[in-house]
Amino acid sequence: MLAWRRYPNSRTRPHLSSILTTFRRTVFARGRAGLAVLALGMLASASTLAVEFRPDGIPAQQISRDPADPNAPSQYFMGIFSGSTHGIYYYVASSICEAMRARYDEHRIRCAPFRSQGVSSNRSLMNQGRAQFAIVQSDTNYYAATGQTPILGARSVLSLHDETGVLVSGPTTPFSGPDDLGQQPLRLNLAPEGSAANALWLQYLESLEVTPVALGTVLGFAQDLNYEGLCTNFIDVFALWSGHPVPALERAVERCGAQLFGLWHPRLDSLLADRPYYYDSELPAGTYPGQTTPLRSYGVKASLIAHEQTDPYIVYWVTRVLIENVDFVRSRHPSLITLDPRQMFERGNFLPFHEGARYFWDQLGWEPPAPPPEVREAIEREAILLPPPSR
């Protein structure tokens, strides 16, 4: 039996005084070592007091009971906001739901993948209380944890696949890799301003000491249009951070001879050292047609997050199914082949774990890694606003 405290109504929030009381009791019991993660959780709970949680696409209560048969087992509902139906996130969300369906008789949770406009859209949906689960990137998770780009009520569940970066050029474009950026005029799509892809592009260029002005013609349209733009000679180069293989990119390679390059450059050492949400990665040879050698690169982790008011029972079972059935999940899509349960727990989860996920990790006896100093400092900086624990 899962023994966690739940609120009687998914839209009922605890009073701030109860949050502070819980904070004092826990710090008294656990000491300062537990302060950082707990403080962020309590503050995030307080910050969502004014935001109604009404997730799209599922019953507001997340549970359904048969009024005609009180003895019938309840059904639970979950929805995962992902991305475009042409992108990897939608495939991954669908794979998660397939894994959940395979064990439906055990948990009675019905799962549905929802399309969206991507990470920025998913962040906005959760800020509005409309997303129960969402797939974002580890940098989004990090900036939410530090408070630089908050996501109200967001909690980590686990990390998913690697999102390795690649540069893609047209077949006749005089381009041989990162060293050519800023050395000759090119037509590039840096994605819409404010999007997750645009932020990744700008950080990458900054690490190479290349300004967007030096690139040539800079465009900012949706990522889904990259492939058509390349094959119709509207752009010369674009960058993509994604799980691989991407079906649309496979088609671009086959249709118009698109060329792939890794993002690695010696100047990236400081970028990876300074930003804990980036990781070394490599695109294996043979991932795309004609790719005979591995491509050294870097990237982020895809990160599954849940709203704090998502039923803990649902989050527990999602976490449990994905870890216990990792071989099944790996078989659902090539981008998921490299899933590693320990990395799914240890990497990319900067926000506190949702209580349902934490319950499963506790069952495994796994202790979360210490947060990066800047995350801990952000938490403790906010924690001084709370009264000291009573002794």
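Residues numbered from 1 in each chain as written. Predicted model: local features only at pLDDT ≥ 70, side-chain atom pairs only at ≥ 80, totals over all residues. Heavy atoms only, no water.

**Student:** Describe in detail the environment of Ser-242, supporting the description with residues and values.
**Tutor:** Of note, Ser-242 is situated in strand β8 (residues 237-242). In this structure Ser-242 comes out as buried when scored by relative accessible area, which is 8%. Between the C-alpha atom of Ser-242 and that of Ala-197, which follows or precedes it by 45 residues, the distance is 9.9 Å. Every residue in contact with Ser-242, bar those within four places of it in the chain, is listed here: Ile-88, Asp-162, Glu-163 and Thr-164. (Helix = DSSP H or I, 4+ residues; strand = E, 2+ residues; numbered from the N terminus. Buried < 20%, exposed > 50% of the residue type's maximum accessible area, 1.4 Å probe, protein only. Contact = heavy atoms within 4.5 Å.)

**Student:** Tell me what's going on with unusual backbone geometry, and back it up with residues and numbers.
**Tutor:** Pro-245 follows His-244 through a cis peptide bond whose omega is 0°. Relative to the elements of secondary structure, Pro-245 occurs in the loop between β8 and α9 (247-256). For Glu-209, which is not glycine, the phi torsion reads 60° and is therefore positive. In this structure, Glu-209 sits in the loop between α7 (196-207) and β7 (216-219). Here Glu-209 falls in the exposed class, since its relative accessible area comes to 64%. With a phi angle near 65°, Asn-233 is a residue other than glycine that sits in the positive phi range. Its place among the elements puts Asn-233 in the loop between α8 (226-231) and β8. Taking the relative accessible area as the measure of exposure, Asn-233 reaches 49% and is therefore partly exposed.

**Student:** Give a detailed account of the pattern of salt bridges, specifying residues and quantitative values.
**Tutor:** Considering all chains together, one arrives at 12 salt bridges under this definition. Lys-301 serves as the salt-bridge partner of Asp-162, at 2.7 Å between the closest nitrogen and oxygen. Of this pair, Asp-162 sits in strand β5 (residues 154-169) while Lys-301 sits in strand β11 (residues 295-307), and the two are 139 residues apart along the sequence. As a salt-bridge pair, Arg-255 and Glu-228 come within 3.0 Å of each other at their nearest N and O atoms. Taken as a pair, Arg-255 in helix α9 and Glu-228 in helix α8 lie far apart in primary sequence, 27 residues in all. The class for Arg-255 is exposed, based on a relative accessible area of 54%. By relative accessible area, Glu-228 is classed as partly exposed at 41%. Taken together, the shared-partner salt bridges in this structure form one network comprising Arg-103, Glu-106, Arg-320 and Glu-324. (Salt bridge = Lys/Arg side-chain N within 4 Å of Asp/Glu carboxyl O.)

**Student:** So, helix α5 (residues 119-127): which residues are in play, and what are the values?
**Tutor:** What α5 keeps buried is the set Val-119, Asn-122, Leu-125 and Met-126. Viewed end-on, α5 has its buried residues packed into an arc of 120°, placing them on one side of the element. (Arc of directions from axis to C-beta.)

**Student:** With reference to specific residues and values, describe helix α14 (residues 355-364).
**Tutor:** Burial in α14 covers these residues: Gly-356, Ala-357, Phe-360 and Trp-361. The arc that holds every buried residue of α14, seen down its axis, measures 135°, which confines them to one face. In this structure, the buried side of α14 is in contact with β5, α11 (312-324) and α13 (341-346). Immediately beyond the C-terminal end of α14, within one or two residues, lies Gly-365, with a positive phi of roughly 80°.

**Student:** Go over the confidence of the model for the protein with me, naming the residues and quoting the values.
**Tutor:** Residues at a pLDDT of 70 or more form 84% of the protein, whose mean pLDDT is 86. Taken element by element, the protein is modelled with least confidence in helix α1 (residues 16-30), mean pLDDT 38, and with most confidence in strand β3 (residues 109-114), mean pLDDT 98. For residues 42-49, every residue scores under 50 in pLDDT, and the model assigns this stretch 21 contacts once sequence neighbours within four places are set aside. In this model residues 383-391 is a low-confidence stretch, pLDDT under 50, and it forms 15 contacts with partners more than four residues away in sequence or in other chains. (pLDDT = per-residue confidence, 0-100.)

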